[in-house]
Every structure is written in structure tokens, then in C-alpha cells.
Amino acid sequence: MPEVREREGVRVLERSQHCLSRSEISENALKVLYRLHRSGFTAYLVGGAVRDLLLRRRPKDFDVGTNARPQQVRHLFRNARLIGRRFRLARVVFGNEVVEVATFRRSPEPPEMEDGETSDVLAPPSESEEFGTPEEDARRRDFTVNGLFYNIADFTVIDYVGGLEDLEAGLIRTIGPARERIGEDPVRMMRAVEYGARLGFRLDGPLEEAIGDMAAEIHRAAPARIAYELMESLRGGQALPIFQAFERHGLLQQLLPETARTAASPRAGLLWGLLGRADAFARAGSPLPEAALWAALLAPELVGWLGAQGADGSAFERAVRDLTGALATRLVLSHHTAHLVRNTFLCLWRLARPPRGGKFVLRTMRQEGFEAALRLAQALTEDGAFPRHSLSVWQEAIQRARSGLPPVPERPAPGRRRPRRRRGRRQNTAGGTA
Ligand code: ATP
Ligand code: MG
């Protein structure tokens with residue numbers, strides 16, 4: 001990286017010294033940054049967006065940090081809503097893009113979930129301890145590469161935490177001692193492994209060691225946060241490298257023991273194959289539905305029943321109930337999600353045999369979880385783990401049903417009178433109403 005301006009432990013890259021270009025920042029995020037700046041506030045692009053833009057990757061979203069208090073942010077933007085505990089985060093909503101604006105804070109507390117739920121690991125700080133300087137805000141963040149700021153006032157990149165060096169070196173390193181930061185919030189173990197796999201970065205030695213020793217502490221985190229991180233990893237287009245890294249670092253065994261057992265068995269190939277398919281779907285812009293993604297983690301343990309001649313449906317149902325029940329309990333999935341995952345498998349069972357008739361097809365298509373099952377069946381078929389013939393019979397039936405035809409072509413029953421021809425009937429109806 002080119003020469004940098006040093007300012008008491010801060011590194012500042014002038015505009016000419018970095019590749020972060022305003023043209024890569026969403027218009028809405030720019031609007032927010034400029035309006036804060038023109039109103040006299042400090043306004044930085046923060047977190048993952050700065051990291052990704054410096055790596056010439058497309059950010060998932062754009063977060064803004066400012067010294068404006070949440071109420072001041074709300075007054076500046078008509079389209080801002082304050083959310084979270086004590087309403088301290090502003091979401092500025094533009095159609096389907098949301099720019100999150102957070103006041104610089106000093107607390108090391110992990111960010112809140114969408115619904116305001118937080119980890120039970122940390123007690124909330126008192127109001128007066130809450131807000132801080134930009135430097136404090138950088139230091140409360142998890143990893144050095146996530147602690148960089150882009151200042152809209154002069155287009156500089158500001159680094160209080162050594163993030164630029166680690167970006168160059170391809171290194172995930174905690175801000176501060178690894179054990180301490182993981183102790184504060186064990187979800188950071190998952191996040192470290194995710195970033196490593198997603199960016200192709202190494203984990204810093206002490207961080208890797210700490211994860212190896214502390215993996216079991218992940219159970220101190222709120223299950224909802226674990227489920228959220230898992231789903232982010234499953235649907236982001238890099239599930240395969242991330243889950244393989246979870247396994248290598250001993251986290252999969254803690255997070256999903258059933259899936260970890262699969263990964264250590266001859267069925268591992270099917271598990272990795274499915275996650276690879278899920279990634280391909282996500283990257284092609286048609287990600288698998290959530291239920292299919294949860295189901296993919298359990299599917300290798302259940303697909304053995306699907307193609308089997310004379311397999312016992314009620315034994316299959318019991319196995320589905322046991323496995324999905326264990327997953328749902330551990331991650332405290334909603335009843336609805338658990339129901340969708342279970343139903344996905346029950347629909348998968350139906351799809352594994354040619355349909356019994358048109359009504360059966362229509363009834364099955366109305367089942368919740370059917371879409372997820374169909375997509376999962378497609379993925380499994382490509383891995384040779386699903387009866388290809390019956391899937392193609394179903395696909396044809398579904399296509400017919402969707403274009404308004406009887407799903408299964410009507411055939412005269414043997415030895416009975418031919419039913420009246422459809423065409424004739426339709427013409428009559430049309431003639432009658434005309
Ligand atoms: P992504 O590309 O997945 O959105 P991101 O880095 O933007 O990556 P977010 O989960 O959106 O990650 O969080 C935004 C920023 O908030 C992070 O870059 C990091 O600085 C900070 N952050 C998030 N989670 C934590 C945590 N558990 N502890 C400390 N800081 C965190
Ligand atoms: Mg983000």
C-alpha cells in the first residue's frame with residue numbers, strides 16, 4: 001500500500017492512496033453521508049462496506065457511523081426509523097435499500113438482531129457509557145479488517161486498528177486479545193471463520209488457537225444469534241467453504257452435531273455436494289428457500305429412505321421428526337420454520353415416487369414446504385442421491401398444472417366408456433355463454 005499519513009497511532013490514506021471510489025457506494029448511502037456531513041456531523045462509511053470496497057468486492061450493505069445522536073439522525077431523514085433497545089440505531093429506508101446509521105459508541109456489545117434481541121453474554125451499558133469517539137467505535141468492533149472508516153468529508157480511509165495491514169496480508173485478527181474478545185461474545189468465533197472462508201483470508205495464530213480451545217463456549221451465545229449467523233452463511237453463496245471451515249475449527253461439532261456426524265461419515269460427500277449446489281443457486285441469483293437450506297444440513301441422513309423400494313413411510317416420518325426436532329430445539333427455530341423443514345422432507349418423500357394421480361399432485365403442490373422440497377430434490381438429483389425418473393415425472397406434472405392443464409394426462413380407464421372429449425365440452429361452454 002502507498003505511503004500513509006500517520007497521526008498518533010492512526011493511519012490515514014489520502015484519496016490518491018486507496019482504491020475506494022464513491023462510484024461504488026450506493027446512491028442512497030451517499031445521500032445519507034452527505035446530508036450528515038452538510039449538517040455539520042462527522043459521517044463515515046463503516047464496517048464491511050469499507051473492507052469489501054478496498055478489496056474491490058461488492059458490499060452486501062452500507063452502514064454509516066456518525067457523531068449525530070439517533071434523535072438528530074431521525075430529524076434529518078423523514079424516512080428514518082429508530083430501532084433496537086432504547087431506539088439507538090437509525091434505519092433510513094429507501095424502497096428496498098436500508099442504510100443503517102449508528103452513533104459512534106464505545107461499548108463492546110455485539111450488534112442487535114433485527115427484532116431487537118441481543119446476546120445474553122453482555123449486560124447493556126448505561127446511557128452515559130454508550131456513545132463514544134470514532135476511535136472507541138473502531139476498537140469495539142470485532143476484527144481489524146472490519147474496523148476501517150471512509151470519511152465522506154475528505155475521502156480518506158481512517159485506520160485506528162491496523163486493518164489496512166491485515167487487509168493486505170489477508171489476515172483475520174481480533175481487535176485486542178483474541179481470548180478476551182471471544183469471551184465477550186463467542187459468536188465472533190463463527191464470524192471469524194466465516195470471513196476467513198468468504199474472503200480467502202487466514203486466521204491470525206492466536207485467534208485460531210483461541211477458537212480451538214473455546215469452541216464449546218459458543219453455547220453461551222443466544223441461539224437466535226447462532227441461527228442468524230448460520231443462515232447468513234448458508235445463503236450467502238459460500239456455504240461450502242464456510243461449513244468446511246466450521247468443521248476444521250471444531251465449531252460444527254458444537255453448532256450442529258448431527259451435521260458434524262455426517263461430515264465425519266461416508267455421507268460427507270453428499271453434504272458438501274449439497275452445500276456446493278446451494279452456493280451455485282445463490283450465486284446464480286435464485287437462492288434455495290430457507291427451509292431447503294436447513295433441510296440440506298440434515299438431508300444426507302434421510303435420503304437413504306427416499307429411493308428405497310418398500311421403505312416404511314411412518315419410520316421415515318419418525319426419523320424426520322427426531323432430526324428436525326433436534327435442530328429446531330437447539331437453534332430455537334420458530335414453530336413455523338420447524339414445520340416448514342419437516343414438511344420439506346415429507347414433500348421430498350412424495351417427490352421420490354411418481355405421483356399417484358392429478359389430485360395428488362395438486363394437493364402436494366399446495367403443501368407448505370413444497371417449493372423447498374422441489375428445489376432440494378433438484379439439487380439431490382444432480383448429486384445422484386434422488387430418483388431422477390420420478391423427479392422428471394413430477395416436474396412434467398407440475399408444469400402441466402401450472403399452465404392450467406390436468407397434471408397427469410387423462411387416460412381412459414380400461415374397459416370403460418371413453419369420457420367425453422374435453423375439447424367438445426369447452427366449446428359447448430364457450431358457446432353457451434357467448
Ligand atoms: P457482511 O458482509 O456480512 O455484511 P459486515 O462486516 O458488514 O459483513 P455485519 O454483521 O453487517 O458485518 O456487521 C457490521 C459491522 O459491525 C462489522 O463490520 C463489525 O465492524 C461490527 N460487528 C458486527 N458484529 C460484531 C460483533 N459480534 N462484535 C463486534 N463488532 C461487530
Ligand atoms: Mg454488513
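### Here we look at unusual backbone geometry
Then, number 1: Residues other than glycine seldom take positive phi values, yet F155 does so here, at roughly 60°.
Then, number 2: On the secondary structure map, F155 appears in the loop between strand 8 (148-151) and strand 9 (156-159).
Then, number 3: A positive phi is found at V332, a non-glycine position, where the angle reads about 50°.
Then, number 4: As for its position among the elements, V332 is in the loop between helix 16 (313-331) and helix 17 (335-351).

### Some words on the site of ligand 1
Then, number 1: Near ligand 1 you find 18 residues, and of these R51, D185, R188, Y195 and R198 are the closest.
Then, number 2: Note that an oxygen atom of ligand 1 is positioned 2.8 Å from one of the side-chain N or O atoms of R51.
Then, number 3: The separation between a nitrogen atom of ligand 1 and a polar side-chain atom of R188 is 2.9 Å.
Then, number 4: In isolation ligand 1 has 590 Å² of accessible area, and contact with the protein removes 88% of it.

### Describing helix 1 (residues 27-38)
Then, number 1: The end-to-end C-alpha separation of helix 1 is 16 Å, in line with the 16 Å expected for twelve residues at 1.5 Å each.
Then, number 2: Along helix 1, the positions that sit buried rather than exposed are N28, A29, L30, V32, L33 and L36.
Then, number 3: Along its buried surface, helix 1 packs onto strand 3 (43-46), strand 4 (63-66), helix 3 (70-76), strand 6 (89-94) and strand 7 (97-103).
Then, number 4: Phi turns positive, to about 95°, at G40, one or two residues after helix 1.

### Looking at the packing of aromatic side chains
Then, number 1: Going through the model one piece at a time under the given rule, you end up with nine aromatic pairs.
Then, number 2: Taken together, a centroid distance of 6.2 Å and an interplanar angle of 50° make the contact between F104 and F149 tilted. Of this pair, F104 sits in the loop between strand 7 and helix 4 (127-130) while F149 sits in strand 8, and the two are 45 residues apart along the sequence. Residue F104 shares its accessibility class with F149, and that shared class is buried.
Then, number 3: With a centroid separation of 6.1 Å and 65° between ring planes, the pair formed by W305 and F316 is classed as edge-to-face. Of the two residues, W305 sits in the loop between helix 15 (290-298) and helix 16 while F316 sits in helix 16, which places them eleven residues apart along the sequence.
Then, number 4: Joined through ring pairs, the aromatic side chains of Y44, F104, F149 and Y160 make up one cluster.
Then, number 5: Across from the ring centre of F281, 4.6 Å away, lies the NZ or CZ of R375, which sits over that ring.

### Re the pairing of strand 5 (residues 80-83)
Then, number 1: Residue alternation in strand 5 divides its side chains into a buried set, A80 and L82, and an unburied set, R81 and I83.
Then, number 2: As paired elements, strand 5 and strand 6 share four bridges and run antiparallel to each other. From the neighbouring strand, A80 faces strand 6, where its bridge partner is V92.

### Here's the deal with the environment of Y44
Then, number 1: Along the chain, the position of Y44 falls in strand 3.
Then, number 2: In this structure, the C-alpha to C-alpha distance between Y44 and G65, residues 21 residues apart in sequence, is 5.1 Å.
Then, number 3: The residues touching Y44, leaving out its near neighbours within four places in the chain, are L33, D63, V64, G65, F104, P134, F149, Y150, N151 and I158.

### Thoughts on helix 16
Then, number 1: For helix 16, with 19 residues, the first-to-last C-alpha span of 27 Å sits near the 27 Å given by 1.5 Å per residue.
Then, number 2: Along helix 16, the residues that are buried comprise A315, F316, A319, V320, L323, T324, L327, A328 and L331.
Then, number 3: Check the buried side of helix 16 and you find it contacts helix 10 (223-235), helix 13 (257-263), helix 15 and helix 17.
Then, number 4: Its side-chain oxygen at 3.0 Å from the backbone nitrogen of S314, D312 defines the N-terminal cap of helix 16.

### Considering the nonpolar core
Then, number 1: L36, I172, L230, F243, F246, W294 and F345 are the most contacted members of the largest nonpolar core, which has 126 residues in total.
Then, number 2: Sequence-distant contacts of I172, that is, excluding residues within four places in its chain, are made with F143, V145, A192, Y195, G196, L199, F201, R202, L203, D204 and L207.
Then, number 3: Core analysis: the next-biggest nonpolar cluster, separate from the first, contains eleven residues, V10, V12, F149 and I158 among them.

### Some points on the side chain of T174
Then, number 1: For T174, the position within the fold is in the loop between strand 10 (171-172) and helix 7 (178-184).
Then, number 2: A relative accessible area of 6% places T174 in the buried class.
Then, number 3: Among the polar contacts listed, one links the side chain of T174 to the backbone oxygen of G176, at a separation of 2.8 Å.

### Focus: a positive patch on the surface
Then, number 1: Residues R356, K359, R363 and R366 make up a contiguous surface patch of positive charge.
Then, number 2: Along the polypeptide, K359 turns up in helix 18 (residues 358-365).

### What to know about the packing of helix 8 (residues 187-199) against helix 11 (residues 239-248)
Then, number 1: Two elements in contact, helix 8 and helix 11, have axes whose closest approach is 8 Å; the angle formed by their N-to-C orientations is 130°. As far as their axial angle goes, helix 11 and helix 8 are oblique. Two packed elements cross with a definite hand, and for helix 8 against helix 11 that hand is right-handed. Only P241, I242, A245 and F246 of helix 11 make contact with helix 8, whose side of the interface consists of M190, V193, E194, A197 and R198.
Then, number 2: Looking at the contact of helix 8 with helix 11 residue by residue, the class counts come to seven nonpolar, no polar and two charged.

### Re the confidence of the model for the protein
Keep in mind that low pLDDT regions are not for reading the predicted coordinates in detail.
Then, number 1: Taken as a whole, the protein shows an average pLDDT of 90; of its residues, 87% reach a score of 70 or greater.
Then, number 2: Taken together, the stretch residues 111-123 has pLDDT below 50 and engages in 32 contacts with residues farther than four places along the chain or on a different chain.
Then, number 3: Note on residues 424-434: pLDDT under 50 across the span, and two contacts to partners over four residues away in sequence or across chains.

### Considerations on the pattern of salt bridges
Then, number 1: One pass over the full model with this rule turns up 25 salt bridges.
Then, number 2: Among the salt bridges present, the one from E232 reaches R235, with a minimum N-O distance of 3.0 Å. Of this pair, E232 and R235 both sit in helix 10, three residues apart, which is roughly one turn of the helix.
Then, number 3: On the basis of relative accessible area, R235 is assigned to the partly exposed category, the value being 37%.
Then, number 4: Here R277 and E382 are joined by a salt bridge, their closest N and O atoms 3.1 Å apart. In this pair, R277 is assigned in helix 14 (residues 268-283) and E382 in helix 19 (residues 370-382), connecting sequence segments 105 residues apart.
Then, number 5: On the basis of relative accessibility, which here comes to 27%, the residue R277 falls in the partly exposed class.
Then, number 6: Sharing partners across several salt bridges, the network here consists of R181, E184, D185, R188 and R225.

Rules of the game
- Within any chain, residue numbers begin from 1 and follow the written order of that chain's sequence.
- A letter from A marks each chain and a number from 1 marks each ligand, given out in the order of writing.
- Totals for whole chains, interfaces and linings use every residue, but because this is a predicted model, local features are given only for residues with pLDDT of at least 70 and side-chain atom pairs only at 80 or more, for both listing and counting.
- With hydrogens and water stripped out, all remaining heavy atoms of the structure feed into the side-chain values.
- Think of it this way: any DSSP run of H or I at least four residues long counts as a helix, any run of E at least two long counts as a strand, and we number them from the N terminus.
- The rule for a residue being near a molecule or strand is that one of its heavy atoms must lie within 4 Å of it.
- By the criterion applied in these results, polar contacts are pairs of N or O atoms within 3.5 Å in which, for protein atoms, one can donate a hydrogen and the other can accept it, and in which residues neighboring in sequence qualify only through two side-chain atoms.
- Here the accessible surface of atoms and residues is derived via Shrake-Rupley with a 1.4 Å probe, and residues count as covered only by protein chains that are part of the display.
- By this rule the span expected of a helix is its residue count minus one, scaled by 1.5 Å.
- Here's how the labels work: a residue is buried when its accessible area is under 20% of the maximum for its type, exposed when over 50%, partly exposed in between, all with a 1.4 Å probe on protein chains only.
- For this analysis, residues touch if any pair of their heavy atoms sits within 4.5 Å.
- In this scheme Phe, Tyr and Trp rings, the latter by its six-membered ring, pair at centre separations within 6.5 Å, and the angle between planes marks the pair as stacked below 30 degrees, edge-to-face above 60, and tilted otherwise.
- In our convention, an over-ring charge means Lys NZ or Arg CZ found within 6 Å of a ring centre and within 35 degrees of that ring's normal.
- The criterion for strand pairing is that DSSP finds at least two bridges linking the strands in question.
- Side-chain atoms within 4.5 Å are what join buried Ala, Val, Leu, Ile, Met, Phe, Trp, Tyr and Cys residues into a set we call a nonpolar core.
- Within the patch definition used here, like charges are joined within 9 Å and nonpolar side chains (Val, Leu, Ile, Met, Phe, Trp, Tyr) within 5 Å, considering only residues with over 30% relative accessible area and no salt bridge.
- Each salt bridge in this description consists of a side-chain nitrogen of Lys or Arg and a carboxyl oxygen of Asp or Glu lying within 4 Å of one another.
- A residue counts as positive if it is Lys or Arg and as negative if it is Asp or Glu; His and the chain ends are not included.
- Lys charges are placed at NZ, Arg charges at CZ, Asp charges at CG and Glu charges at CD.
- Fitting a line to C-alpha atoms yields each axis, with helices limited to the stretch in contact; the angle taken between N-to-C directions then spans 0 to 180 degrees.
- Angles below 35 degrees are treated as roughly parallel, those above 145 as roughly antiparallel, those between 65 and 115 as roughly perpendicular, and all remaining angles as oblique.
- Crossing handedness: left-handed means the near helix sits turned counterclockwise from the far one by under a right angle, and right-handed means the same turn made clockwise.
- Polar here means any residue outside two lists: the nonpolar Ala, Val, Leu, Ile, Met, Phe, Trp, Tyr, Cys and Pro, and the charged Asp, Glu, Lys and Arg; Gly therefore counts as polar.
- The quantity called pLDDT is the predictor's confidence in a given residue, expressed from 0 to 100.

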